[in-house]
Amino acid sequence: MTTTTDTVADRKIVTFSLGAQTFGIDMRALIEIREWEDPTPLPNVPGFIKGVTNLRGNVVPVVGLAERLGWEPSAIHARSCILVVHIAGKQAGFLVDEVNDIVAIGETEIQPAPEVETIEPSVIGGLVRISTRQKDGTKDENGTMVLLLDLDALSLTKHLDLAA
Amino acid sequence: MSDEFDDIQAIFFEECTEGLTTAEQGLSAMQAGDVSGEVIAGVFRAVHSIKGGAGAFGHADLTAFAHKFENVLDEVRGGKIPPSPGVVKVMLSAFDILSDHVEAAKGNAPRPADQAALDALEKVLANKGADDGAPVASAPAPVAVEAPAPAAADEGDEFGFVPMAVSLDDFDAPAEAPAADGAWVVVFKPSRAALSNAGEPLLIIRELEGLGAEIVNVDTDTVPPLRDLDPEDAYFTWTLRLPAELAETDITDCFDFVAPDSIVEIRREAAAAPAAAPVAQAPAAAASDADEFGFVPVSAGVEDFAAEMQRVVETIAAASPPIGSVETPAIAPKAGAGDAQQTIRVDLGKLDLLLNLVGELVIRNSILADRLSPADRQRVELPELARLTRQIQDNVMSLRAQPIKQAFSRVPRMLRDLSVETGKQINLETTGETTEVDKGVIEKIGDPLTHMIRNAADHGLESAEERIAAGKDPTGTIKLSAEQKGARIFVRVADNGRGINRERVKAKAIEKGIIPADAQLTNEEIDQLICAPGFSTAETISNISGRGVGMDVVRSNVEALGGRIEIHSVPGEGTTFTMILPLTLAILDGMIVRLAGQRFVLPLAHVLETVQPEPGQVKRTAPDSEVIDMRGEYVPVKRTTEIFGLNDDRAVEDSLVVIVESEGSGKVGLVVDTIDDRREVVIKSLDQNLHPIRGLGGATILGDGSIALILDIEALVASTNRYTPKGMAA
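Just so it is clear, the structure is predicted and the values come from calculations on it, not from any experiment.

About the criteria used
Residues numbered from 1 in each chain as written. Chains lettered and ligands numbered in written order. Predicted model: local features only at pLDDT ≥ 70, side-chain atom pairs only at ≥ 80, totals over all residues. Helix = DSSP H or I, 4+ residues; strand = E, 2+ residues; numbered from the N terminus. Buried ≥ 20, exposed ≤ 12 C-beta atoms within 10 Å, placed from the backbone. Contact = placed C-beta atoms within 7 Å. Pairing = 2+ DSSP bridges. Axes fitted to C-alpha atoms, helices over the stretch in contact; angles between N-to-C directions. Parallel < 35°, antiparallel > 145°, perpendicular 65-115°, else oblique. Left-handed = near helix turned anticlockwise from the far one by under 90°. Nonpolar A, V, L, I, M, F, W, Y, C, P; charged D, E, K, R; others polar.

J.: Is there a simple way to think about unusual backbone geometry in this case?
T.: All names here are of chain B. Even without a glycine there, the phi angle at Ala596 is positive, about 50 degrees. Within the secondary structure, Ala596 is located in the loop between β12 (587–595) and β13 (598–603). For Ala596, a count of 17 C-beta atoms within 10 Å corresponds to the partly exposed category. Here Arg631, not a glycine, exhibits a phi torsion of approximately 50 degrees, which is positive. Mapping Arg631 onto the fold places it in the loop between β16 (625–630) and β17 (633–639).

J.: What exactly am I supposed to notice about the interface of chain B and chain A here?
T.: In many analyses, interface size is given as the accessible surface area lost on bringing the parts together. Each partner contributes to the interface: chain B provides 20 residues, whereas chain A provides 21 residues. Contributing elements (two or more residues each) for the side of chain B that touches chain A: α12 (348–371), β21 (696–701) and β22 (707–711) of chain B. When residues in the side of chain B that touches chain A are grouped by element, the largest group, 3 residues, is from α12(B).

J.: In this structure, what is going on with the sheet that holds strand β4 (residues 263–268) of chain B? I would like to understand it.
T.: Backbone-to-backbone hydrogen bonds pair the strands of a sheet. The strands run either parallel or antiparallel. Residue and element names in this part refer to chain B. Here we have 4 strands laid out as an open sheet, ordered β2-β3-β1-β4, and antiparallel in their pairing. Of all the strands in the sheet, the pair left with one neighbour each is β2 (214–219) and β4. The sheet shows a mean angle of 15 degrees between the axes of neighbouring strands, direction not considered. Of the pairings in the sheet, the one linking strand β1 (residues 184–189) to β4 comprises 6 bridges and is antiparallel in character. Across the sheet, residue Lys189 finds its bridge partner in β4, namely Ile263.

J.: Can you walk me through the packing of helix α3 (residues 60–77) of chain B against helix α4 (residues 85–106) of chain B in this structure?
T.: The description of two helices packed together rests on the angle between their axes and the distance between the axes. All names here are of chain B. Relative to each other, α3 and α4 sit at 155 degrees, their axes nearing to 10 Å. Relative to α4, the element α3 lies roughly antiparallel. Relative to α4, α3 is oriented so that their crossing is left-handed. Taken together, the residues of α4 that come into contact with α3 (itself represented by Asp61, Leu62, Phe65, Ala66, Phe69, Val72 and Val76) are Val87, Met91, Ala94, Ile97, Leu98, His101, Val102, Ala104 and Ala105. Considered class by class, the residues forming the contact of α3 with α4 number 14 nonpolar, 1 polar and 1 charged.

J.: I tried to follow the sheet that holds strand β10 (residues 564–570) of chain B on my own but got confused; where do I start?
T.: All names here are of chain B. As summarised here, the arrangement of the 5 strands in space is β6-β8-β9-β11-β10, forming an open sheet in which the pairing is mixed. Every interior strand has two partners, whereas the edge strands, β6 (426–431) and β10, have only one. Sheet twist, expressed as the average angle between the axes of neighbouring strands with direction ignored, equals 15 degrees. Sheet topology note: the strand β9 (residues 488–495)/strand β11 (residues 574–582) ladder contains 8 bridges and is antiparallel. Along β11, the bridge assignment pairs Ala494 with Thr576.

Interpretation in functional terms is not warranted from these geometric data alone.
In structure tokens:
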């Protein structure tokens, strides 16, 4: 997978794309990946909360992750899907453009994300470069930068507290 | 101590709690004049079980006290001590001390001072209750024909019970044996877990043999096939015969330390052969029930859920103590006592999981039905499956409902204590205690109820002298009642005391700065001040200090449950506090409506009527305010779509107006597109995974798997209502 084969692969991440960016979350936080299905919209909530959906009897919010992170809202298309994750003891579904891969990375490969001047703590826990498989099966030697999401920092309810 | 020991001990304490509840109910019934044999026997059994368990776990103080108490109960049961009011009173005090002992054994409280109660019990024993007045009502007729053996042996006959055999297939054999010598027959089935609990049955049998016992039968029918056999478990049931001349206590003493779920039966052979109906199906039956549902694996989805449900059901069954054996109190077969129900303790989390799974099963069921062709839909399997799942759902839902008796049961004790503390004579009347309420509600009304009762006893009721001076019965009465009206439950605490002293309440409120000095308040508003934060009634009205129980605590607790408090007071005649609570926190009777095409659930409890407005029936009173003419009454109309920011340009004439009644704002009309359906929905909280949202009471999952949001009428109609200051809201 990676060119540095000597590192210990001690984390598995799920990579997915939002617009032109590739993000990654820890495999352990993932509950399931489902097809996009219009959620039930909620009144009086911030725009990034798309609504709620039924996940095996649980009412789970669906979050427009791109908007939550400050990017352009994702347009819904055929490959849009929902990543259902554990986040701070709760469950949430993230709308993402496409799920790419599951890759193993070593802790040592993770580089710190640059400090950003924002009010809330950065939700990007680190950067890591992975090589990606091309459609023709060859490897892209330049690799892709993956932004690792810090789910604990990505509080949904804190935002709601402010909005409420 | 090992975790296992702690677990077992935890079960013992749970049983203690149940036993204490049973005992208290029985004693209260005796106090009320019901001194039938069943009631007395019930109390005896409860105390006896506590004693047995306490002995096994080495709680010496508890054992000693329970033993003394049991002695008195035994004599009362045997008709040797009449259950006169005086005796019952002593027993009630003893019960209170027993509860304290249990708490002490749990480590929650210091060892209670029980000498006075012990002395009182001793006195009753010594005097045979003679100087305590005549027996109340009919004392149990001592029918005993056999030897004057202490009652435990033959209670069944003495009270005319039909003794029910306890899972003993060989019951008949010893019972039909020659009855000439009236020898003792002891049937002993140790707890399945006896060996792992250090309750080696062999030791007990050796001890009995030391008394001259001979084994007449060993029942091995309960031994499972080898592949299921757990060598650590005890399976046998022994039947032993002992010499007739032994005292019964010699035999019972041998069983003092057996685990509470062992079965021990001691009787005289002379006794008529009891009807030996093998009773008591094990609670484990639940596991096999799952199969009986006969889930037809119609599609993969349903099959999965059926399998998952079965797993849950099995876990629940497994959670019960020894499977395959009977859950009966140590001694004594279940002697026809009406409310002696077999129970099984289940973790509430498992129950909720089951509820979720069943809900999902129902949903899958209807999805499946939608996908089939109409012809297939009519085939017998599908309606059958639908009926079964509906029944399962109903039953699972009812599992969460509990009689409110559970919350009421601690009140009598509390009032006895308060009666002593305040020196007031208090009589308690309870009604509606069988009203069934969701378990969550019961758990949460305990504290508010305690506060209300204390309030009524401390501040509501006058002292006996004051009452006599006011021309009232010196004994004050507190009425505790529960009643269900629609989807709400009304819990009332009414005293016939002095009523709220409004002048003093108002003066105190002004002094504390809760209201301005020139405030003009109605009587109701003054009454509500009691619930204002920072208003301590303890300082103003009563001499009992150090309590400072604020009614604002009560109010906030009740409001947290989605309920409210009403206060009604008449000076000189008394005060009534009413808690109005939702019947359940889990299920709601709702109307499915559409707003801008989206489905919402409107709680039916609020709905008065629905109208299709005629042209001109809805009139504007301001650019953003409308009323509807309801037979001459102008009712404000709210457009829910606007409150929620939904796009809707539907004309009001094309819509329906649902008239709802809210607690805060009276009648309000809500404009909805259409009404789809009416059904019971399972409430799913939004804050479990998100955050509470104003105007919404939660969400629910509809038959097709989609989510509908539940409207919170109070918040909706109040959202544009004028602000009422906290502590003053009527």
